Amino acid sequence: MYFAAKLAFVLSGMAVIPQGSYSPLYATKGAERVAVRGFALDRAPVTRGEFLEFVRRNPEWRKSAVKRNAADNGYLADWAGDLAAGNASDLRTPVTGVSRNAALAYCSAKGKRLPTSNEWEYAAAASETTRDAARDRNFISRLVGFYRNRASGRSQAVGKSAPNVYGVRDMHELVWELTADPMHAGHSGRAHDMSCAGAAMGALDPSNYAAFMRYAVRSGLNDRTTMKTLGFRCAGSTGS
Amino acid sequence: MTNTSIIRRFAPFVALAAIAVVATAAVNGLGRATSARFSPIPVHTTVDDVKGQEIAVLTDAPHVPPAIKRDYATKVIVNLDIIEKKMRLADGVEYTMWTFGGSVPGKFIRVREGDLVELHLKNAASSTMPHNIDLHAVTGPGGGAKTSLTMPGGESVFTFTALNPGLFVYHCATSPVPMHMANGMYGMILVEPKEGLAQVDREFYVMQSEFYTKGDFGAKGLQDLDMEKGVEEKPTYVVFNGSADALTGEGALKAKTGDRVRIFIGDAGPNLTSSFHVIGEVFDNVYVEGGTVAQHNVQTTLIPAGGTSIVEFGVENPGDLILVDHSIFRAFNKGTLGMLKVEGAENKKVFAAVKTLGAVSE
């Protein structure tokens with residue numbers, strides 16, 4: 001059955017991420033590495049075009065119909081109308097302005113789910129050449145550059161960046177990505193306060209500024225929050 | 001061991017004990033009253049009656065909001081908008097700044113001791129990061145930071161009473177704090193003492209800070225943040241008011257001879273302290289570290305990172321006074337230069353050139 005699940009995900013174009021471990025920003029119960037089971041992950045963020053198809057089939061997720069307890073008022077704010085997601089090049093960019101509730105509904109409709117924060121961080125620690133580049137200063141520095149430049153101008157089409165060793169693209173290049181859990185709260189048995197310099201307390205690598213940025217964004221999200229620079233991709237359980 | 005050596009050895013403790021006795025007597029006998037030797041340590045349990053409300057006038061550097069005329073406490077509404085945008089760091093050099101109010105340093109806030117401040121922090125929908133604010137004037141969790149994390153498109157509101165008078169730094173404290181500060185997220189809030197400040201002719205807002213860029217000083221184009229340089233405390237730029245030439249050329253501060261000048265000067269860091277000096281002037285008054293005590297006749301005043309100073313001086317002669325951090329390589333190679341242009345009549349009694357290079361005196 002697990003094999004069948006994996007095969008289905010592979011056939012649908014997802015990347016299979018083998019089991020392993022990664023070094024999180026904060027130690028978990030004293031352990032400096034977190035074990036992650038194998039899973040499947042979309043190779044690119046969900047695009048506006050893909051999300052447009054979803055709202056066509058699921059009218060309750062159109063921007064005029066969405067319930068306020070499902071998404072805040074930034075939901076699909078860049079869309080001109082319920083089905084007006086932009087021109088052909090817009091449709092190839094990551095969908096943004098979506099809440100965790102909306103992302104969960106999308107992934108669920110595809111027979112998938114959102115990745116956990118652990119799964120996301122684990123897959124995102126990979127560079128083009130190695131599975132764990134989390135301590136690579138040049139890698140971190142590149143990520144900080146990607147994150148900072150999100151503010152400038154519109155997003156690019158997905159799938160243009162070099163894939164990481166798992167064949168996954170755009171984990172860092174284009175948008176922040178939603179995960180199933182906020183992670184920052186109680187990840188290591190206590191909530192990490194992202195509101196001051198105290199955030200460095202307990203950090204395994206206090207100079208991993210890219211990770212601090214991701215965790216800070218996550219710390220501000222609830223299930224309704226949307227951002228112009230926040231998108232998502234789906235995951236699937238392969239059972240291995 | 002002789003008796004005298006014992007006394008010598010314990011002399012400091014004897015002195016301390018004597019001080020303790022005096023202190024106890026002061027507290028027991030006079031409640032919170034002060035003695036010549038000690039300052040009171042107030043625990044503020046009551047606040048002034050707050051009458052009415054007003055919206056704070058906020059200014060961009062080098063401008064300062066008008067002095068407060070009120071002799072009572074009021075509710076002051078402060079609207080601060082966080083905006084991330086590309087800005088000029090030097091000639092031909094751009095940088096993506098994160099700002100309080102669209103400029104670096106951020107908006108200057110001016111309130112009166114005892115005022116109830118209602119701070120509205122809005123983060124533009126176009127922002128890529130959550131932000132918050134820690135005002136050093138705030139008595140409360142994280143200086144306001146713990147309750148003000150604001151997502152793009154969102155708003156947070158908190159209130160505080162300005163208990164302590166003085167000049168205070170504020171800054172973003174969202175993780176990673178050094179990055180938010182290295183990107184320009186700081187400003188100052190002045191809490192005027194109840195009795196107000198002495199009247200002057202010119203007030204200026206100047207804030208020193210560092211920028212850490214991938215490219216060298218002066219390298220053209222949009223520059224990326226270099227966190228490694230930040231960790232090593234090796235800034236590419238050390239500037240006044242957010243760019244290498246904010247206070248030169250058209251941006252020079254201006255005054256006339258006979259003016260009394262006050263500069264509210266802060267140091268945002270994120271790393272370096274400032275040895276603030278004005279070439280060709282002596283500070284008549286320096287409210288050290290932005291506090292209440294004035295030091296006089298000062299050449300260079302030290303400003304801690306995350307701290308301030310208020311300097312006051314009269315200008316006696318025309319000419320260009322140069323503002324520097326007297327850690328002078330910074331001024332020469334990293335941009336820590338500003339100018340105060342003074343116009344007006346010369347006073348040769350104060351200064352006169354007698355014989356100079358290539359010129360013959362009359």
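Participant: Quick question: what am I supposed to make of the pattern of salt bridges here?
Facilitator: A pair can form between side chains of opposite charge whenever their charged atoms are brought close. Residue and element names in this part refer to chain A. In this structure the tally under the stated criterion is 28 salt bridges over all chains. For Asp205, the salt bridge identified is with Arg137, shortest N-O distance 3.3 Å. Of the two residues, Asp205 is situated in the loop between β5 (176-177) and α7 (209-219) and Arg137 in helix α6 (residues 137-149); the sequence distance between them amounts to 68 residues. Judged by its relative accessible area of 31%, Arg137 falls in the partly exposed class.

Participant: What should I look at first to understand empty space enclosed by the protein in this one?
Facilitator: Over the atoms rolls a probe the size of a water molecule, and its path tells where empty space is left. Residues and elements named next belong to chain A. Counted under the stated rule, the structure contains 3 cavities of 30 Å³ or more. Taken as a whole, the largest cavity spans an internal volume of roughly 190 Å³. Around the largest cavity, the lining is made up of 20 residues, and of these Ser23, Ala134, Asn208, Ala211 and Arg214 lie nearest the centre. Those elements that place two or more of their residues in the lining of the largest cavity are α5 (117-124), α6 and α7.

Participant: Help me out: how do you make sense of the confidence of the model for chain B in this one?
Facilitator: Detailed conclusions should not be drawn from predicted coordinates in areas where pLDDT is low. Residues and elements named next belong to chain B. Residues with a pLDDT of 70 or more make up 89% of chain B, whose mean pLDDT is 91. Scored below 50 in pLDDT, residues 1-7 shows 2 contacts in the model against residues more than four places distant or in partner chains. The low-confidence segment residues 11-31 (pLDDT under 50) makes 7 contacts with residues lying over four places distant or belonging to another chain. Interface confidence for the predicted complex, expressed as ipTM, amounts to 0.90; the pTM equals 0.89.

Participant: Please explain the interface of chain B and chain A as it appears in this structure.
Facilitator: Quite often, the size of an interface is put as the accessible area lost when its parts meet. Counting residues at the interface gives 32 residues for chain B, matched by 30 residues for chain A. Both sides of the chain B and chain A interface together cover about 2300 Å² of buried area, and 62% of this is carbon and sulfur. By the criterion of area lost to chain A, the three top residues of chain B are Thr128, Met151 and Ser175 of chain B, representing 24% of everything that side buries. In this structure, the salt-bridge partner of Arg137 of chain A is Glu228 of chain B, at a minimum N-O distance of 3.9 Å. If you look at where chain B meets chain A, you find 5 residue pairs in polar contact (both at pLDDT 80 or more). Within the residue set of the side of chain B that touches chain A, elements represented by two or more residues are β2 (73-90), β3 (93-100), α2 (177-182) and α3 (227-231) of chain B. In the side of chain B that touches chain A, the residues fall into 18 nonpolar, 8 polar and 6 charged.

Participant: Would you mind going over the environment of Gly319 of chain B with me for this structure?
Facilitator: Residue and element names in this part refer to chain B. Relative to the elements of secondary structure, Gly319 occurs in strand β20 (residues 319-325). Residue Gly319 is classed as partly exposed on the basis of its relative accessible area, which comes to 27%. Residues Gly319 and Glu346, 27 residues apart in the sequence, show an inter-C-alpha distance of 9.1 Å. Excluding its chain neighbours within four sequence positions, the residues that come into contact with Gly319 are Leu340, Lys341 and Val342.

Participant: Sorry if this is basic, but what is going on with the nonpolar core here?
Facilitator: Counting 93 residues, the largest nonpolar core has Phe51, Tyr75 and Phe232 of chain A together with Leu135 of chain B as its most contacted members. Those residues in contact with Phe232 of chain A that sit more than four places away from it in its chain are Pro45, Val46, Phe51, Val95, Val98, Ala103, Tyr106, Cys107, Leu114, Glu177 and Leu178 of chain A. Counting residues in hydrophobic clusters, the runner-up holds 25 residues, among them Val36, Ala199, Ala211 and Phe212 of chain A.

Participant: Is there a simple way to think about helix α4 (residues 100-109) of chain A in this case?
Facilitator: Along an α-helix, residues three or four positions apart point the same way, because every turn accommodates 3.6 residues. All names here are of chain A. Those residues of α4 that fall on the buried side of the exposure criterion are Arg100, Ala102, Ala103, Ala105, Tyr106 and Cys107. Elements in contact with the buried residues of α4: α2 (48-57). In the stretch just after α4, Gly111 is the one whose phi turns positive, near 75°.

Cut-offs used in this document
- Residues numbered from 1 in each chain as written.
- Chains lettered and ligands numbered in written order.
- Predicted model: local features only at pLDDT ≥ 70, side-chain atom pairs only at ≥ 80, totals over all residues.
- Heavy atoms only, no water.
- Salt bridge = Lys/Arg side-chain N within 4 Å of Asp/Glu carboxyl O.
- Helix = DSSP H or I, 4+ residues; strand = E, 2+ residues; numbered from the N terminus.
- Buried < 20%, exposed > 50% of the residue type's maximum accessible area, 1.4 Å probe, protein only.
- 1 Å grid on protein atoms, 1.4 Å probe; cavity = no way out; pocket = protein on both sides within 12 Å on 5 of 7 lines; lining within 4 Å.
- Points joined across faces, edges and corners; volume = space filled by probe spheres on them.
- pLDDT = per-residue confidence, 0-100.
- Contact = heavy atoms within 4.5 Å.
- Buried area = accessible area lost by both parts, 1.4 Å probe.
- Polar contact = N/O pair within 3.5 Å; in protein donor to acceptor, adjacent residues only side chain to side chain.
- Nonpolar A, V, L, I, M, F, W, Y, C, P; charged D, E, K, R; others polar.
- Core = buried A, V, L, I, M, F, W, Y, C linked by side-chain atoms within 4.5 Å.

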